[in-house]
Amino acid sequence: MPEKETKERAQKLKREGKAPSTQAGEFVREEIEHVREGKHGARSTKQAIAIGLAKARRAGVKLPAKKGTSKETQEQAERDIEKGQRRTKTSAKRSRASRKALKREGHSAASKKALSRQARAAAKRRSAADRSRAAKKAARTRKK
């Protein structure tokens, strides 16, 4: 369950007209913090990010999966978005089981080094045109 402040920050970004990925970034940041403070661990930085994105979708952020992702991931993202539309209570057993499994994982996934490595790898996968397009959009939508 995301913290109240995280939901409020994401809602503020939505009111400002920010992209769904920006709104979801708040949930990812929260998840990284949870791993850092020892609330639970993560097998990899990618896993911590994925948990944050899933939380965002379930909290009502309309963030579809990227085109290049696997069919299973896309279907799961759709299910998460649908869950965000309706209010259902998560099973206590399931919640406890997933928390227990995450507790067994390490905490180095949220280190500065690991996050840096993940960001660089993600940037390398993007084309020059894609990066250019993102930079132009950032300049266009920057707060004046």
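Remember, it's a predicted structure, so these values are computed and weren't measured experimentally. (Residues numbered from 1 in each chain as written. Predicted model: local features only at pLDDT ≥ 70, side-chain atom pairs only at ≥ 80, totals over all residues. Heavy atoms only, no water.)

Participant: Before we go on, may I ask you to explain the pattern of salt bridges in this structure?
Facilitator: Opposite charge on two side chains permits pairing when their charged atoms draw close. Within this structure, the stated rule accounts for 11 salt bridges. For K55, the salt bridge identified is with E30, shortest N-O distance 3.9 Å. With a gap of 25 residues between them, K55 in helix α3 (residues 45–58) and E30 in helix α2 (residues 20–37) connect regions that are remote in the sequence. Here K55 matches E30 in class, with each residue buried. The residue R58 makes a salt bridge to D80 at a minimum N-O spacing of 2.8 Å. (Salt bridge = Lys/Arg side-chain N within 4 Å of Asp/Glu carboxyl O. Helix = DSSP H or I, 4+ residues; strand = E, 2+ residues; numbered from the N terminus. Buried < 20%, exposed > 50% of the residue type's maximum accessible area, 1.4 Å probe, protein only.)

Participant: What is the right way to read the side chain of T6 from this model?
Facilitator: By the element assignment, T6 lies in helix α1 (residues 4–15). You can call T6 buried: its relative accessible area is 0%. Within the structure, the side chain of T6 is placed 2.9 Å from the side chain of E30, a separation counted as a polar contact. T6 has contacts with E26, F27 and E30, leaving out every residue within four places of it along the chain. (Polar contact = N/O pair within 3.5 Å; in protein donor to acceptor, adjacent residues only side chain to side chain. Contact = heavy atoms within 4.5 Å.)

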